[in-house]
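# A look at the structure
Residue strings, one per chain:
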Amino acid sequence: MAEKKIQSSGLRTNGAPGIPPKLYERRDIYDEDTSQALGEHIESILEILGEDPDREGLADTPRRVAQAYQFLMHGYALDPREILQQAVFEEDYDEMILVKDIEVYSLCEHHMLPFYGKAHVAYIPDGKIVGLSKIPRTVEVFARRLQVQERLTLQIRDAIDEIVDPLGTAVVIEAKHLCMMMRGAEKQNSATTTSSVSGEFDNHPTRDEFMRLIGATE
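This section reports on the structure supplied with the text. As the structure is a computational prediction, the values presented were derived from the model and not from experiment.

A separate point is the packing of helix α5 (residues 134–143) against helix α6 (residues 149–164). Where α5 contacts α6, the axes come no closer than 10 Å and their chain directions differ by 140°. In terms of axis orientation, α5 runs oblique to α6. Relative to α6, the crossing made by α5 is right-handed. Contacts from T138, V139, F142 and A143 of α5 reach α6 at L152, Q155, I156 and A159. Per-class residue counts for the contact of α5 with α6 are 6 nonpolar, 2 polar and no charged.

One non-glycine residue, D101, lies in the positive phi region at around 60°. One non-glycine residue with positive phi stands out, namely D165, at about 55°. One can find D165 in the loop between α6 and β6 (168–177).

Moving on: the packing of helix α2 (residues 32–48) against helix α3 (residues 61–72). Taken N-terminus to C-terminus, the directions of α2 and α3 make an angle of 120°; their axes are 8 Å apart at the nearest point. As far as their axial angle goes, α3 and α2 are oblique. At the point where α2 passes α3, the crossing takes the right-handed sense. Along its contact with α2, which presents T34, S35, L38, G39, I42, E43 and L46, the element α3 presents T61, P62, V65, A66, Q67, Y69 and Q70. Looking at the contact of α2 with α3, its residues break down into 7 nonpolar, 6 polar and 1 charged.

Sheet analysis places strand β2 (residues 97–108) next to strand β3 (residues 114–124), joined by 9 bridges and oriented antiparallel. Residue pairing across strands places L98 opposite A122, the latter belonging to β3. Between β2 and β3, which pair antiparallel and follow one another directly, the connecting turn spans 5 residues, one of which, M112, has a positive phi of 55°. Two strands pair when backbone bridges link them, and β2 and strand β5 (residues 146–147) are joined in this way by 2 bridges, in the parallel orientation. Bridge pairing in β5 links L107 to L146.

Time to look at the side chain of S190. With respect to the helices and strands, the residue S190 is situated in the loop between α7 (178–181) and β7 (192–197). At 3.0 Å, the side chain of S190 forms a polar contact with the backbone oxygen of K187. For S190, the residues in contact, after removing those within four places along its chain, are K176 and M180.

To continue, consider the environment of G39. Within the secondary structure, G39 sits in helix α2. Note on G39: relative accessible area 9%, which makes it buried. C-alpha of G39 to C-alpha of A66: the two residues are 27 residues apart in sequence and 5.4 Å apart in space. Setting aside residues no more than four positions away along its own chain, G39 makes contact with P62 and A66.

Moving on to the nonpolar core. Grouped together as the largest cluster of nonpolar side chains are 25 residues, with contacts concentrated most on V121, L152 and I156. Mapped by element, the contributors of at least two residues to this core are β2, β3, α5, α6 and β6. Contacts of L152, omitting those with residues within four sequence positions, involve V104, F115, V139, F142, A143, Q147 and I173. In this structure, A170, V172, V197 and F210 belong to the second largest nonpolar core, which totals 10 residues.

This part is about the sheet that holds β2. In a beta sheet, neighbouring strands are held together by backbone hydrogen bonds and run either parallel or antiparallel to one another. Taken together, 5 strands build an open sheet; the order of strands is β5-β2-β3-β6-β7 and the sheet is mixed. The open sheet has two edge strands with one neighbour each: β5 and β7. Sheet topology note: the β3/β6 ladder contains 10 bridges and is antiparallel. Residue I124 lies in a different strand from β6, and its bridge partner there is G168. Sitting on the sheet, α5 is in contact with β2, β3 and β5, with an inclination near 15° to β2.

How each quantity is defined
Residues numbered from 1 in each chain as written. Predicted model: local features only at pLDDT ≥ 70, side-chain atom pairs only at ≥ 80, totals over all residues. Heavy atoms only, no water. Axes fitted to C-alpha atoms, helices over the stretch in contact; angles between N-to-C directions. Helix = DSSP H or I, 4+ residues; strand = E, 2+ residues; numbered from the N terminus. Parallel < 35°, antiparallel > 145°, perpendicular 65-115°, else oblique. Left-handed = near helix turned anticlockwise from the far one by under 90°. Contact = heavy atoms within 4.5 Å. Nonpolar A, V, L, I, M, F, W, Y, C, P; charged D, E, K, R; others polar. Pairing = 2+ DSSP bridges. Polar contact = N/O pair within 3.5 Å; in protein donor to acceptor, adjacent residues only side chain to side chain. Buried < 20%, exposed > 50% of the residue type's maximum accessible area, 1.4 Å probe, protein only. Core = buried A, V, L, I, M, F, W, Y, C linked by side-chain atoms within 4.5 Å.

Printed below as a string of structure tokens:
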């Protein structure tokens, strides 16, 4: 009966009775030329540091690191404004819209070490709203580049201001930086908060409401 239901619905099975069709498959595809070029540099770095890149534990490390860097910095190949434009809708709503606790993973451009934390993004529409998933995707695209937290905060705000054209936008990022935790100052419990606002969020009552909603204090 299960097979008959699947086939009658017009869905293709994988060839075995009772097994549903494969509706989604994640595929990580990396540019071979880029992987090769990066891998050669990684191998040289290992040798300079005194390691043997041919030993068992490191034999495949250059390729793995090359693919990791391509994933961690794939934001260079994406246009966040194009992502926002895909889902802008006319809507008669003029209250604050907040997407908070967006996970952020990025690489500091000074040492190429990770910083990570959360972003909180809000805007007040002026006749247009944007699909909620596009806000985290916008954060992700900018984060997947070599960054400083201050610039990342501004880029997210400016992209929303440009494409959605709201009455105001607010962005707060709270992050920990491994370049400060693992080296340098070596302060394990330190965290950095950056904020950027525009339009209506320049008014203290609106900004205060935003800060209260995300559980932050100025």
